[in-house]
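Chain by chain, the residues:
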Amino acid sequence: MVLLELFWTFLMIGFVSFGGGYAMIPVIEMEVSNHGWMTTQEFTDVIAIAGMSPGPIATNSAIFVGYQTAGIYGAIVSALGMVIPSLLIILIIASFFFRFNELRLVKSAFYGLRPIITGLIIYAALRFAITNNVVGSISWQSLSLAMIFGLSFFALIKLRLHPIYVILISGITGVVLY
Amino acid sequence: MKTNWKYLMQIFCSFFKIGPVTFGGGYAMIPMIEREVVERRKWVKTKDVSEIFAIAESVPGAIAINSATFIGFRLAGVRGAIAAMTGVLIPTFLIVVALSILFLFVKDNPYVESAFVAIRASIVALILFAAYKIGLTAVYDKTTVVITAFTVGILFFLHLHPVLIILSGIGVGVLVVKIKDWFGIVTRLEKDEEIKTNE
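Predicted model, so just to flag it, every value in this text is computed and none were measured.

Colleague: Mind showing me how you'd approach the packing of aromatic side chains here?
Modeller: Think of a pair of aromatic rings as described by two things: how far the centres are apart, and how the planes are tilted against each other in angle. Overall, the coordinates contain twelve aromatic pairs over all chains when judged by the stated rule. An angle of 80° between the planes, with centres 6.1 Å apart, marks the rings of A:Phe18 and A:Phe110 as edge-to-face. In this pair, A:Phe18 is assigned in the loop between α1 (2-16) and α2 (25-34) and A:Phe110 in helix α5 (residues 104-131), connecting sequence segments 92 residues apart. Overall, the relative accessible area of 13% leaves A:Phe18 in the buried class. A network of ring pairs unites the aromatic residues A:Phe64, B:Phe103 and B:Phe116 as a single cluster.

Colleague: Explanation requested: the interface of chain A and chain B in the structure shown.
Modeller: By a widespread convention, an interface's size corresponds to the accessible area lost as its parts come together. Counting residues at the interface gives 96 residues for chain A and 95 residues for chain B. For the chain A and chain B pair, buried surface summed over both sides reaches about 8700 Å², with 80% attributable to carbon and sulfur atoms. Counting the surface chain A buries against chain B, the share from its top three residues, A:Pro54, A:Tyr111 and A:Ile116, is 9%. Ionic pairing is found between A:Arg104 and B:Asp181, a salt bridge with its closest N-O pair at 2.8 Å.

Colleague: Would you mind going over helix α5 (residues 110-138) of chain B with me for this structure?
Modeller: The periodicity of an α-helix, 3.6 residues per turn, causes residues three or four places apart in sequence to face the same way. For α5(B), spanning 29 residues, the distance from its first C-alpha to its last is 42 Å, which sits close to the expected 42 Å at 1.5 Å a residue. The backbone nitrogen of B:Tyr111 lies 2.7 Å from a side-chain oxygen of the residue at the head of α5(B), namely B:Asn109.

Colleague: Got a minute to help me understand the confidence of the model for chain B in this structure?
Modeller: Any residue range with low pLDDT should be treated as having predicted coordinates unsuitable for detailed reading. Per-residue confidence for chain B gives a mean pLDDT of 86, with 91% of residues at or over 70. Put simply, helix α3 (residues 46-58) of chain B is where chain B has its lowest mean pLDDT, 83, and helix α4 (residues 63-106) of chain B is where it has its highest, 92.

Colleague: Sorry, what's going on with the layout of surface pockets here?
Modeller: Taking a probe equal in size to a water molecule and rolling it over the atoms shows the remaining empty space. Here the second largest pocket defines a volume of roughly 240 Å³. A:Gln41, A:Asp45, B:Lys107, B:Glu113 and B:Arg120 are the residues nearest the centre of the second largest pocket, which is lined by 13 residues in total. Of all the secondary-structure elements, those providing two or more residues to the lining of the second largest pocket are α3 (40-52) of chain A together with α5 of chain B. At five residues, α5(B) tops the list of elements feeding residues into the lining of the second largest pocket.

Colleague: Which parts of the structure should I look at to understand the packing of helix α6 (residues 140-157) of chain A against α5(B)?
Modeller: Each pair of packed helices can be summarised by the angle the axes make with each other and by the distance between the axes. At a closest axis distance of 8 Å, the pairing of α6(A) and α5(B) adopts a crossing angle of 40°. Between α6(A) and α5(B), the interaxial angle falls into the category oblique. As α6(A) packs across α5(B), the resulting crossing turns out to be right-handed. Residue-level contacts link A:Gln141, A:Leu145, A:Ile148, A:Phe149, A:Ser152, A:Phe153, A:Leu156 and A:Ile157 of α6(A) to B:Val117, B:Ala118, B:Ala121, B:Ser122, B:Val124, B:Ala125, B:Leu126, B:Leu128, B:Phe129 and B:Tyr132 of α5(B).

Colleague: Help me out: how do you make sense of the nonpolar core in this one?
Modeller: Across soluble globular proteins, nonpolar side chains show a tendency to be buried alongside one another. All names here are of chain B. With 114 residues, the main nonpolar core has Phe15 and Ile127 as its most contacted residues. Looking at which element gives the most residues to this core, the answer is α4, with 19 residues. Shared between two domains, this core takes at least three residues from each, and those domains are domain 1 (5-106) and domain 2 (110-182).

Colleague: How should I be thinking about the packing of helix α1 (residues 5-18) of chain B against helix α2 (residues 30-40) of chain B in this particular structure?
Modeller: Residues and elements named next belong to chain B. Running from N to C, α1 and α2 point in directions that differ by 145°, and their axes come no closer than 9 Å. Classified by chirality, the crossing of α2 by α1 is right-handed. Note on element contacts: α2 touches α1 through Met32, Ile33, Glu36, Val37 and Arg40, opposite Ser14, Phe15, Lys17 and Ile18. A breakdown of the residues in the contact of α1 with α2 according to their chemical character gives five nonpolar, one polar and three charged.

What counts as what
- Residues numbered from 1 in each chain as written.
- Chains lettered and ligands numbered in written order.
- Predicted model: local features only at pLDDT ≥ 70, side-chain atom pairs only at ≥ 80, totals over all residues.
- Heavy atoms only, no water.
- Phe/Tyr/Trp six-rings, centres within 6.5 Å; stacked < 30°, edge-to-face > 60°.
- Helix = DSSP H or I, 4+ residues; strand = E, 2+ residues; numbered from the N terminus.
- Buried < 20%, exposed > 50% of the residue type's maximum accessible area, 1.4 Å probe, protein only.
- Contact = heavy atoms within 4.5 Å.
- Buried area = accessible area lost by both parts, 1.4 Å probe.
- Salt bridge = Lys/Arg side-chain N within 4 Å of Asp/Glu carboxyl O.
- Expected span 1.5 Å × (residues − 1).
- Polar contact = N/O pair within 3.5 Å; in protein donor to acceptor, adjacent residues only side chain to side chain.
- pLDDT = per-residue confidence, 0-100.
- 1 Å grid on protein atoms, 1.4 Å probe; cavity = no way out; pocket = protein on both sides within 12 Å on 5 of 7 lines; lining within 4 Å.
- Points joined across faces, edges and corners; volume = space filled by probe spheres on them.
- Axes fitted to C-alpha atoms, helices over the stretch in contact; angles between N-to-C directions.
- Parallel < 35°, antiparallel > 145°, perpendicular 65-115°, else oblique.
- Left-handed = near helix turned anticlockwise from the far one by under 90°.
- Core = buried A, V, L, I, M, F, W, Y, C linked by side-chain atoms within 4.5 Å.
- Domains from an automatic or database assignment.
- Nonpolar A, V, L, I, M, F, W, Y, C, P; charged D, E, K, R; others polar.

Written out as structure tokens, the structure reads:
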């Protein structure tokens, strides 16, 4: 039952999606390829679409994966899976209204959690770079992709260009080059 | 308690409007939410809203959805939470589904294919940029540098499930701080936290 599997998978991801957005990319990617729903390369396109859509990246990716795997119902159960944990946890925290994020224990948990999330995202970048031929082989395409990667990173970090423009400009570059 | 449907509808609509116009991830929605609930509707006070965002950021899930849910709950209980959450979610959901359909139609077009070859390379840059941004607040002392490096290494060579790694992060954080306390080493638990000696 693929709907149940989608729901369960994103429910589990929903409960651990600390740090939001890109932190969940490697988690979703691993689940999606373990289940055989998509290849890593296909999933890279999902992130591109999710990044171009309004709203949160991780939830958007889940909706897209759900839709591609099992149509509109797949999209619905995946979205629900992602948001139900947030709803439950917020209801608990808000009804006690305790400032749990100011407790020293919670702060020390985040002291360990934050660098792990950082590592997770770095790993995701590495993995995507390898599967999409940005690094690895020495060929004209691989070299030009590394160039596009470098320029995009420069544009994001130094020019503070909005991610949507980076995606659009590199898309146009792709049409011209390949 | 009588359900005030008009009020719930108002909450739903306020968050519904915010969704479709905010590109660039959940954080882009934060100023919009603030303007709507603090300035326009006067539902939340300025001093409370930053605390709501801080909590929304530290619980699992997207910050935009979390803060909407939180605000909805404070306004009208569980129903308010659900109204706000669905309000923020539905427009995004519909747009993503529409884009997915569009993408499935055009993805075999040769121009789209070649565009995506290049886009995939800049997605790698986007992900690395996300790591850089989060790293700015996450990695600031020796311990956090070591934890980051270890995480990348473990994922790369042992292929452990990321969910396990995330959950272990909670334990690692608590444990490391305990050990450092035990040795009398002061840990700054947040990057800009003041060390408590001048209080």
